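# Notes for the structure review
Each chain is listed here by its residues.
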Amino acid sequence: MSRQSAGEADKLVRRYLTQLDAALQGVEASRRQEILAEVHEHIEEERTELDPDDTAGVRALLSRVGEPAAIAAEADAPPLGSGRWDAWAPWLIIFGPIASGLGWIAGMLILWPSPTWSQRDKVIATVVPLAGLVALFFGLVAALGGPAACAGHALHATAGCATKGITLPLGVAILLAVAGLAAHLLPPIHLMRTRRQRSTSA
Amino acid sequence: MHCMEPGNDVNWLGQVRKGVAEQCVLALLTSGEKYGVELARELTARGRIIGSEGTLYPLLARLRRNGLVETWWQESNAGPPRRYYHLTGDGELALASFKKQWRGFRDAVDEILNEGSQE
């Protein structure tokens, strides 16, 4: 029981630091690290006076440390409104390449200058969904085109069938399509979540 | 977020705090080096010079960057080593000049406010 609540208190601290890190997006990296490290030290220092499993104490402590947004404002983090088209970026990344390349380009033009996301998230959201889309496409062609093109072998499709130069066992083709879909959707979903986290912490 | 409703003191206080809190940190360090929790407690206890304890750290980062404060690690008898903050020579000079200007500024504001209340 007590071990469980110690875990609970640790989780509160970790969640707080994640929110602070998100709120500090847009602050220069080395300064952001400094502030995060010192706030973390502050919390750990104050926690030495508490029982490790005192979750109520940790909550009170974190509320004294204050709103992540207030700390970010003191650090001159760009306010959330500075990326006001942010909400569109994930959707444009998902549907842009399918509808028309222009949508995707618009998504990139919103994504890259925005202070809401880290450099790493931006790189991932640029490269991975496109690669995912390619994998999804080939997976689908192999899975759907394969068995249809050699109707005689339909029941043995898992044994493999060649169409348009793509030869893949059905299972692998489906796996490829599913992995492609995940790769296409997960990075933009991550962008949405990061953005929401920032706006609730602001 | 900050409200701008009339009668809400958060807005102007936030503006004034921003400049003055740094000077208060320098002043607290003239009596010797201190660690973060110590500074944060003094500043929030005394009329909430800073909004919340956490806002101290961006402020200290700024002072350090401007060379007014230095930090180092020191062993503590209770728990892990602590980061201590220490006033530099430049910090002392900055504080001295702030003190002079602040008194003039404060007197001028008081004078204007008093004139206003006499009319």
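All right, on to the overall build of chain B then. Looking only at helices and strands, chain B features four helices and three strands. Counting helices and strands in the order they occur from the N terminus, chain B gives α-β-α-α-β-β-α. Across the 119 residues that make up chain B, the buried fraction comes to 25%. Partitioning the intrachain contacts of chain B with sequence separation of at least 6 by distance along the chain shows that 45% fall at a separation of at least 24.

Bringing the interface of chain A and chain B into the picture now. Facing the 19 residues of chain A at the interface are 17 residues of chain B. Residue assignment for the side of chain A that touches chain B shows that the elements contributing at least two residues are α2 (29–47), α3 (55–65) and α4 (68–74) of chain A. When residues in the side of chain A that touches chain B are grouped by element, the largest group, nine residues, is from α2(A).

Right, let's talk about the sheet that holds strand β3 (residues 82–87) of chain B for a bit. All names here are of chain B. Sheet architecture is open: three strands sit in the order β1-β3-β2, paired in antiparallel fashion. Strands at the two margins of the open sheet, each flanked by one partner only, are β1 (34–35) and β2 (69–74). Where β1 and β3 come together, two bridges link them in antiparallel fashion. Looking across to β3, one finds that Tyr 35 is bridged to Tyr 84.

In a soluble, globular protein the nonpolar side chains are often hidden away together inside. One finds A:Ala23, A:Leu24, A:Ala72, B:Val25, B:Leu56 and B:Leu60 to be the most contacted residues of the largest nonpolar core, which totals 41 residues. Those residues in contact with A:Ala72, other than ones at most four positions away along the chain, are A:Ala23, A:Leu24 and A:Ala77.

Turning our attention to α3(A). All names here are of chain A. When α3 is considered as a whole, its buried residues turn out to be Val 58, Leu 61, Leu 62 and Val 65. Buried residues along α3 cover an arc of 95° about the axis, so they all sit on one side. Opposite the buried face of α3, at more than 90 degrees from it, the exposed residues are Ala 56 and Ser 63. Downstream of α3 by a residue or two, Gly 66 has a phi angle that is positive, lying close to 105°.

Turning our attention to the environment of A:Gly132. Residue and element names in this part refer to chain A. Secondary-structure assignment places Gly 132 in helix α7 (residues 119–149). In this structure Gly 132 comes out as buried when scored by C-beta crowding, with 20 C-beta atoms within 10 Å. When the C-alpha positions of Gly 132 and Leu 176 are compared, they lie 9.1 Å apart, and in sequence the two are 44 residues distant. Not counting the four nearest positions on each side in its chain, Gly 132 is found in contact with Gly 180, Leu 181, Ala 182, Ala 183 and His 184.

Cut-offs and rules
Residues numbered from 1 in each chain as written. Chains lettered and ligands numbered in written order. Predicted model: local features only at pLDDT ≥ 70, side-chain atom pairs only at ≥ 80, totals over all residues. Helix = DSSP H or I, 4+ residues; strand = E, 2+ residues; numbered from the N terminus. Buried ≥ 20, exposed ≤ 12 C-beta atoms within 10 Å, placed from the backbone. Contact = placed C-beta atoms within 7 Å. Pairing = 2+ DSSP bridges. Core = buried A, V, L, I, M, F, W, Y, C linked by C-beta atoms within 7 Å. Arc of directions from axis to C-beta.

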